[in-house]
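# Secondary and tertiary structure notes
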Amino acid sequence: MDFVVAPSSSHSLLNHSHNNNNILCCYFNNKKNRSHFSVPSSAGIFSLRKFNSVSFRYRRGCSRIVCTRRRVMDSSNSATSPEVSKPKIVTGPGGYVLEDVPHLSDYIPDLPTYPNPLQDNPAYSVVKQYFVHVDDTVPQKVVVHKDGPRGIHFRRAGPRQRVYFDSDEVHACIVTCGGLCPGLNTVIREIVCGLYHMYGVKKVLGIDGGYRGFYAKNTVNLNPKFVNDIHKRGGTVLGTSRGGHDTSKIVDSIQDRGINQVYIIGGDGTQRGASVIFEEIRRRGLKVSVAGIPKTIDNDIPVIDKSFGFDTAVEEAQRAINAAHVEADSIENGIGLVKLMGRYSGFIAMHATLASRDVDCCLIPESPFYLEGPGGLYEYIERQLKENGHMVIVIAEGAGQELLSESMTLKDASGNKLLKDVGLWISTKIKDYFSKERKIPINLKYIDPTYMIRAIPSNASDNVYCTLLAQSAVHGAMSGYTGFTSGLVNGRQTYIPFSRIIEKQNKVVITDRMWARLLSSTNQPSFWSPKVAIGDKDNEEEANDKGICGEEDPHFN
Ligand SMILES: Nc1ncnc2c1ncn2[C@@H]1O[C@H](COP(=O)(O)OP(=O)(O)OP(=O)(O)O)[C@@H](O)[C@H]1O
Ligand SMILES: O=P(O)(O)OC[C@H]1O[C@](O)(CO)[C@@H](O)[C@@H]1O
Ligand SMILES: [Mg+2]
């Protein structure tokens, strides 16, 4: 074995050690001293973070270690480095814009490539045009005007003819973070099976209990047998958590374990965490692909058509709404009140309402409401009870928070605002108002199925969706893409840069047609005047950005 000897800093390697079974021992000689160090032999190219200013590149099958000068890679330094990768924007004729995703070759030169093993797979080799063309992209907006620009596009997901990892070299890991969501286990299953069956990858680690599991918990070896029927269960077999995102410790753990593909399943917070991990990995010059799979019951991740598990949750919410309707309909002046999830975005409440047709009023965080006076909720309830003898109200947990009494705002471990129970609050308010002020006897039944709608296994269509997302993520990582979230855009699987995913939250646009449809289905008051709606800059911009002012969104419009 021969070395290119770095002229300085060799001393910093003396203290370096790895607790990894899969290590390559190297001896390093320079004129001053003799050092010994170990590196994960599974890594195609890696760097040693303690070895200031120098990175080592080791290629499988070669007996040569190449040392090249690089930026400081010590994690304590990189954490404070202001350097963040720039968005990869490619423009073309007619106003074409590609918001591309990073690639390992952007920061690691001369990476070897390999033919995609899928080409020899009997199931896939017969598929015409199975491999995605390098120039295939997917438009963000599908409704265009004759003279309008072609607009923003994302890279189409799918298998590429050449991959950047030899199958034996891959050491993948999967982590799930944030709240539960139907379909988490399906995504885990399909990443494991996709890696095994499509790419012959045998080393897949499960990280226990979210981000902190990287440095504070044991890992579990995942294989097709282990994950075989996990998709039939709710929750995540890997466990999850909020908080505990320590970038340096996480990337140290990735590096120390010789992991080179990281699959991160989670919501907006998780994708933010994934983005920071990607930046740190890039700063250290590691050959590690970071792939995000968007998960959120609230559907608050932007750009994508919808998040997995959302349909299942809406379906499950029907059971609660049906129960509320039966209860309300069976008694004089019956009011059925259902609280559904939706911290900042009311998609579940909106879709559950539209699906049910039994709901008379849907209250979401994006649409402020008021109780008293003309056009208020009390007035509407009284009218409904007079006309129909009963009514059903659906309220998203984040709705009307500004109306609840001011007290100290608590936050969860991830920094999300802990909401006050608007369901209980509004139940009491309605009861008090009708019994004390109006002297009208009412029968209010409050149903809170919040956790029930997300702790269940995914339904059939979400299962298929999860499979596509997982396989897309695997194809992307194998093809050397990194710093991306796999997502459905206009019904096509794409790779979306983290920067776009974490830019803002997806919200119901109350000036959009979908909310108008809901209002005309429930006949509830809008609670806002057209003046307010027109002046609602945030909502207008969001609508324009998402391109859902017209009939563009295949799922939500
Ligand atoms: N800005 C951030 N930078 C780094 N890590 C973050 C950031 N925001 C959140 N995280 C981490 O991401 C993980 C999940 O975040 P969070 O609890 O907000 O859930 P989420 O992914 O948004 O899912 P959901 O809200 O749908 O339950 C946590 O471990 C949290 O520490
Ligand atoms: O799981 P926790 O920490 O109780 O958080 C509940 C929150 O998680 C979500 O389900 C998002 O995942 C929100 O709808 C809800 O407010
Ligand atoms: Mg979130």
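Here we summarise the structure given alongside this text. Nothing here was measured: the structure is a model prediction, and the numbers come from that model.

Before going further, it helps to examine the pattern of salt bridges. Under the counting rule described, the total for this entry stands at 21 salt bridges. A salt bridge links Arg155 to Asp100; its shortest N-O distance comes to 2.7 Å. Highlighted residues: Arg155 in strand E10 (residues 151–156) and Asp100 in strand E7 (residues 96–100), separated in sequence by 55 residues. Residue class for Arg155 comes out buried when judged on its relative accessible area of 9%. The shortest N-O distance in the salt bridge between Arg156 and Asp136 comes to 2.8 Å. Of the two residues, Arg156 sits in strand E10 while Asp136 sits in the loop between helix H3 (122–125) and strand E9 (137–139), which places them 20 residues apart along the sequence. Among the charged side chains, a network of salt bridges with common partners joins Asp252, Glu280, Arg283 and Arg284.

Here we come to the packing of helix H11 (residues 377–388) against helix H12 (residues 422–437). Running from amino to carboxyl end, H11 crosses H12 at an angle of 65 degrees, the nearest separation of the two axes being 11 Å. It follows that H11 is roughly perpendicular to H12 by the angle criterion. Viewed along their axes, H11 and H12 form a crossing whose handedness is right-handed. Across the interface between the two elements, Leu377, Tyr378, Ile381 and Glu382 of H11 pack against Ile426, Lys429, Ile430, Tyr433 and Phe434 of H12. Within the contact of H11 with H12, the residues separate by chemical class into seven nonpolar, no polar and two charged.

Moving on to the site of ligand 1. For ligand 1, the set of nearby residues contains 18 residues, the closest of which are Gly179, Gly243, Asp268, Thr270 and Ser414. A distance of 2.9 Å is found between an oxygen atom of ligand 1 and a backbone nitrogen or oxygen belonging to Gly267. Top element by residues in the shell around ligand 1 is helix H8 (residues 268–284). It accounts for five residues. Class assignment of the residues belonging to the shell around ligand 1 gives a composition of one nonpolar, twelve polar and five charged.

For ligand 2, the full set of nearby residues is Gly179, Arg242, Ile297, Asp298, Met341, Gly342, Arg343, Glu397, Tyr451 and Arg454. Between Tyr451 and ligand 2, the recorded distance is 2.5 Å, taken from a side-chain N or O atom to an oxygen atom. Looking at the shell around ligand 2, its residues break down into three nonpolar, two polar and five charged.

For the rest of this paragraph, the subject is the side chain of Thr522. Turning to its location among the elements, Thr522 is positioned in helix H15 (residues 513–522). Within the local environment of Thr522, its side chain forms a polar contact with the side chain of Gln524, the two groups lying 2.9 Å apart. Contact partners of Thr522, with chain neighbours within four places excluded, come to Thr353, Val359, Asp360, Cys361 and Tyr380.

This part is about the packing of aromatic side chains. Aromatic ring pairs: the centre-centre distance and the angle between the two ring planes describe each pair. Counted by the stated rule, this structure contains nine aromatic pairs. Measuring from centroid to centroid gives 5.1 Å for Tyr433 and Phe434, while their planes differ by 85 degrees, and the two rings are edge-to-face. On the accessibility criterion, Phe434 (0% relative accessible area) is buried. If you follow Lys287 out to its NZ or CZ, it ends over the ring of Phe165, 4.3 Å from the centre.

A few words now on the environment of Asn221. Secondary-structure assignment places Asn221 in strand E14 (residues 219–222). Judged by relative accessible area, which is 58%, Asn221 ranks as exposed. Leave out the neighbours within four places in its chain, and Asn221 touches Val204, Leu205 and Phe226.

Quick look at the nonpolar core now. Buried together is how nonpolar side chains tend to be arranged in soluble globular proteins. Counting 101 residues, the largest nonpolar core has Ile174, Ile191, Tyr263, Phe308 and Trp515 as its most contacted members. Sort the elements by how many residues they give to this core and helix H4 (residues 184–199) lands first, with ten residues. Not counting chain neighbours up to four residues away, the residues in contact with Tyr263 comprise Ala172, Cys173, Ile174, Val175, Ile191, Leu195, Ala291, Ile293, Ala473, Val474 and Ala477. Residues Tyr378, Tyr380, Ile442 and Leu444 belong to the second largest nonpolar core, which totals 25 residues.

Turn by turn, an α-helix covers 3.6 residues, leaving residues three or four places apart pointing in a common direction. Of all ten residues in helix H10 (residues 347–356), nine are buried; the element is thus mostly enclosed. Along H10, the residues that are buried comprise Phe347, Ile348, Ala349, Met350, His351, Ala352, Thr353, Leu354 and Ser356. Packed against the buried residues of H10 are helix H9 (310–329), strand E17 (334–340), strand E18 (361–363), strand E19 (390–396) and H15. One or two residues past the end of H10 sits Arg357, with phi positive at roughly 70 degrees.

The next thing to look at is the sheet that holds E17. Strands sit in the order E18-E19-E17-E20 across an open sheet of four strands; the sheet is parallel. Each of the sheet's edge strands pairs with one partner strand only, and the pair in question is E18 and strand E20 (443–447). Sheet twist, expressed as the average angle between the axes of neighbouring strands with direction ignored, equals 15 degrees. As paired strands, E17 and E19 are joined by seven bridges and run parallel to one another. Looking at the pairing, Lys339 lines up with Ile395 of E19.

What follows concerns the side chain of Gln524. As for its placement among the helices and strands, Gln524 is situated in the loop between H15 and helix H16 (530–535). Judged by relative accessible area, Gln524 falls into the buried class, the value being 6%. From its side chain, Gln524 meets the backbone nitrogen of Cys362 in a polar contact 2.7 Å long. When sequence neighbours within four positions are dropped, the list of residues in contact with Gln524 reads Asp360, Cys361, Cys362, Tyr380, Trp515, Leu518 and Leu519.

To continue, consider unusual backbone geometry. Despite not being glycine, Asn299 shows a phi value in the positive range, around 60 degrees. With respect to the helices, strands and loops of the structure, Asn299 is situated in the loop between strand E16 (289–294) and H9. For Asn299, a relative accessible area of 0% puts it in the buried group.

Basis of the calculations
- Starting from 1, residues in each chain are numbered consecutively following that chain's sequence as written.
- A letter from A marks each chain and a number from 1 marks each ligand, given out in the order of writing.
- Per-residue local features are limited, in this predicted model, to residues with pLDDT of at least 70; the limit for side-chain atom pairs, both in listing and counting, is 80 or more; totals at the level of whole chains, interfaces and linings are taken over all residues.
- No hydrogens and no water enter the side-chain calculation; it runs on all heavy atoms of the structure.
- Throughout this description, the term salt bridge denotes a Lys or Arg side-chain nitrogen within 4 Å of a carboxyl oxygen of Asp or Glu.
- Helix and strand assignments follow DSSP, with helices taken as H or I runs no shorter than four residues and strands as E runs no shorter than two, numbered in order from the N terminus.
- We call a residue buried when its accessible area falls under 20% of the maximum for its residue type, exposed when it is over 50%, and partly exposed in between, using a 1.4 Å probe and counting protein chains only.
- Axis lines are fitted to C-alpha atoms, over the contacting stretch for helices. Their N-to-C directions set the angle, which ranges from 0 to 180 degrees.
- Here roughly perpendicular refers to angles of 65 to 115 degrees, roughly parallel to angles under 35, roughly antiparallel to angles over 145, and oblique to all remaining angles.
- Left-handed is the label given to a crossing in which the near helix is rotated counterclockwise from the far helix by less than a right angle, and right-handed is the label when the rotation is clockwise.
- Working rule for contacts: check all heavy atoms of both residues, and any pair within 4.5 Å makes them a contact.
- Each residue gets one label: Ala, Val, Leu, Ile, Met, Phe, Trp, Tyr, Cys and Pro are nonpolar, Asp, Glu, Lys and Arg are charged, and the others, such as Gly, are polar.
- Being near a molecule or strand, for a residue, means having at least one of its heavy atoms within 4 Å of it.
- We define a polar contact as two N or O atoms separated by no more than 3.5 Å, with the added condition that, inside protein, one atom must be a possible hydrogen donor and the other a possible acceptor, whereas residues neighbouring each other in sequence contribute only through side-chain atom pairs.
- Centres within 6.5 Å make a pair out of two Phe, Tyr or Trp rings, where for Trp the six-membered ring is used; the pair is then stacked when the planes are under 30 degrees apart, edge-to-face when over 60, and tilted otherwise.
- Consider the ring centre and the ring normal. A charge sits over the ring if Lys NZ or Arg CZ is within 6 Å of that centre and within 35 degrees of that normal.
- The nonpolar core is taken to be a set of buried Ala, Val, Leu, Ile, Met, Phe, Trp, Tyr and Cys residues, with the residues joined through side-chain atoms within 4.5 Å.
- Two strands pair if DSSP finds at least two bridges between them.

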